[in-house]
Amino acid sequence: MSLYPLAHSDNSCACMQGQQSQKIVIFGAIFLLTTLLILYNSNTGNDSYNPLRNGHHFTVRSTDLKKWASEDGYISVYGNKTLNLHCRHCALVTSSSHLLGSNVGNEIDQADCVIRMNDAPTTGFERDVGNHSTVRVVAHSSVYRVIRRPSEFLNKTLDPVLIFWGPPSKIGKEAKGTLFRLIQRVSMAFTNLSAFIIAPKRMRQFDDLFHKETGRDREKSRSWLSTGWFTMVIAIEMCDSVHVYGMVPPHYCSRRPQPKKIPYHYYEPRGPDECTTYIQNERGRRGNHHRFITEKQVFARWAKQYNITFSYPKW
């Protein structure tokens, strides 16, 4: 008889030990899973770069871009020309495939000034993007692509204005590289062309502007300003009103259901997907990246201040 209570006690102990072991295993699994999730979010793009998401942590120091411009901000590549262009109504034409099928070419060409970027062509796309060009803003990485097609970018318009931007070490007048001299030789050959580079002092102002508007230091956050950033600021400087064609709003690529995939550039049908490009750059942490989505958040705020409208899509 005494064996039964003893046996029952052994079973109870074993059961309790088993339950404790099971709890330890479950707790360990939960702890491991939580740790992995934290590491994953801190090392991958799931926690996207978005300095404006917690905008209340910094104070936006507004800069009056209408008074920000100065003649010494843009250096003439050849001759003593000054960039003092003023336009009542400007069309800023992006390179987005959203413009394909829009049939707004005639509307764009009716603007007082038409501003384009890098090596986005008009030939073959006139119905959707127009044909007239007043100002073209070109990154240092696109210089060769623009120079090698003079019939498209240098003498297609009566008096084209080209504004080149880039690190002074690559495109500056005092740089040992060949970009400045190349642009200078082209300017001498095409006398109708007015070519400028953004002065080093103004380049630093563009960096400071990004810091003020986003709360992030450009270099420390590994951000590389896009041609769109420079073009938007230049358009605000010289235009009373700006109509932007083809630029999506800040949260376009995060909406559900996800937008239809389209090429990043309207002239590169086999190029990368637009939203994929935006998201990868926004979330990139290694190396320098364009923060396209963050920049568009700033543009949305500027739109209320500087008479900017957006079409295809409409904001």
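The structure contained in this document is the topic of the report that follows.

Calculation criteria
- Residues numbered from 1 in each chain as written.
- Predicted model: local features only at pLDDT ≥ 70, side-chain atom pairs only at ≥ 80, totals over all residues.
- Heavy atoms only, no water.
- Helix = DSSP H or I, 4+ residues; strand = E, 2+ residues; numbered from the N terminus.
- Polar contact = N/O pair within 3.5 Å; in protein donor to acceptor, adjacent residues only side chain to side chain.
- Disulfide = S-S within 2.5 Å.
- Buried < 20%, exposed > 50% of the residue type's maximum accessible area, 1.4 Å probe, protein only.
- Salt bridge = Lys/Arg side-chain N within 4 Å of Asp/Glu carboxyl O.
- Core = buried A, V, L, I, M, F, W, Y, C linked by side-chain atoms within 4.5 Å.
- Contact = heavy atoms within 4.5 Å.
- Axes fitted to C-alpha atoms, helices over the stretch in contact; angles between N-to-C directions.
- Parallel < 35°, antiparallel > 145°, perpendicular 65-115°, else oblique.
- Phe/Tyr/Trp six-rings, centres within 6.5 Å; stacked < 30°, edge-to-face > 60°.

1. Section: the side chain of Arg-202
For step 1, the next point in the chain: Take Arg-202: it is sitting in helix 9 (residues 200-214).
For step 2, the next point in the chain: Polar side-chain contacts of Arg-202 include one of 3.4 Å to the side chain of Glu-237.

2. Here's the deal with the state of the cysteines
For step 1, the next point in the chain: Throughout the structure, instances matching the rule amount to 3 disulfides.
For step 2, the next point in the chain: Sulfur-sulfur distance for the disulfide between Cys-87 and Cys-113 comes to 1.8 Å. Negative torsions about the S-S bond denote left-handed disulfides, and the value of about -70 degrees found for Cys-87 with Cys-113 makes this one left-handed. Taken as a pair, Cys-87 in strand 2 (residues 87-93) and Cys-113 in strand 3 (residues 113-117) lie far apart in primary sequence, 26 residues in all.
For step 3, the next point in the chain: Under the relative-accessibility criterion, Cys-113 is labelled buried at 5%.

3. Examining the pattern of salt bridges
For step 1, the next point in the chain: Following the criterion strictly, the structure yields 8 salt bridges and no others.
For step 2, the next point in the chain: A salt bridge links Glu-237 to Arg-202, with the shortest nitrogen-to-oxygen separation between them at 3.4 Å. Here Glu-237 is found in helix 10 (residues 227-238), whereas its partner Arg-202 is found in helix 9, with 35 residues between them in sequence.
For step 3, the next point in the chain: Close ionic contact of Asp-273 with Lys-261 constitutes a salt bridge, the shortest N to O distance being 3.9 Å. Within this pair, whereas Asp-273 is found in the loop between strand 7 (239-245) and helix 11 (274-283), its partner Lys-261 is found in the loop between strand 7 and helix 11, the two being separated by 12 residues in sequence.
For step 4, the next point in the chain: By sharing partners, the salt bridges in this structure join Asp-207, Arg-218 and Glu-219 into a single network.

4. Concerning the nonpolar core
Nonpolar side chains in soluble globular proteins tend to be buried together.
For step 1, the next point in the chain: Of all hydrophobic cores here, the largest spans 42 residues; its most connected members are Phe-206, Trp-229, Met-232, Trp-302 and Ile-308.
For step 2, the next point in the chain: It is helix 10 that provides the largest number of residues to this core, a total of 8 residues.
For step 3, the next point in the chain: Setting aside residues no more than four positions away along its own chain, Met-232 makes contact with Leu-92, Val-244, Met-247, Phe-299, Trp-302, Ile-308 and Phe-310.
For step 4, the next point in the chain: With 18 residues, the next largest nonpolar core counts Val-77, Val-138, Phe-153 and Leu-179 among its residues.

5. Focus on the packing of helix 9 against helix 10
For step 1, the next point in the chain: At a minimum axis separation of 12 Å, helix 9 and helix 10 run at an interaxial angle of 100 degrees. In this view, helix 9 runs roughly perpendicular relative to helix 10, as classed from their interaxial angle. Here helix 9 contributes Arg-202, Met-203, Phe-206, Leu-209 and Phe-210 to the contact with helix 10, which in turn contributes Trp-229, Phe-230, Val-233 and Glu-237.

6. Re the packing of aromatic side chains
For step 1, the next point in the chain: Overall, the coordinates contain 13 aromatic pairs when judged by the stated rule.
For step 2, the next point in the chain: Judged by centre distance (6.0 Å) and plane angle (40 degrees), the ring pair of Trp-165 and Trp-224 falls under tilted. Taken together, the positions of Trp-165 in strand 5 (residues 161-165) and Trp-224 in the loop between helix 9 and helix 10 put the pair 59 residues apart, joining distant regions of the chain.
For step 3, the next point in the chain: Using a relative accessible area of 3% as the deciding quantity, one classes Trp-165 as buried.
For step 4, the next point in the chain: Given the relative accessible area of 25%, Trp-224 is considered partly exposed.
For step 5, the next point in the chain: Between Phe-310 and Trp-315, the aromatic rings sit 3.6 Å apart at their centres with planes inclined by 10 degrees, giving stacked as the arrangement.
For step 6, the next point in the chain: Among the residues examined, Trp-315 registers a relative accessible area of 32% and is labelled partly exposed.

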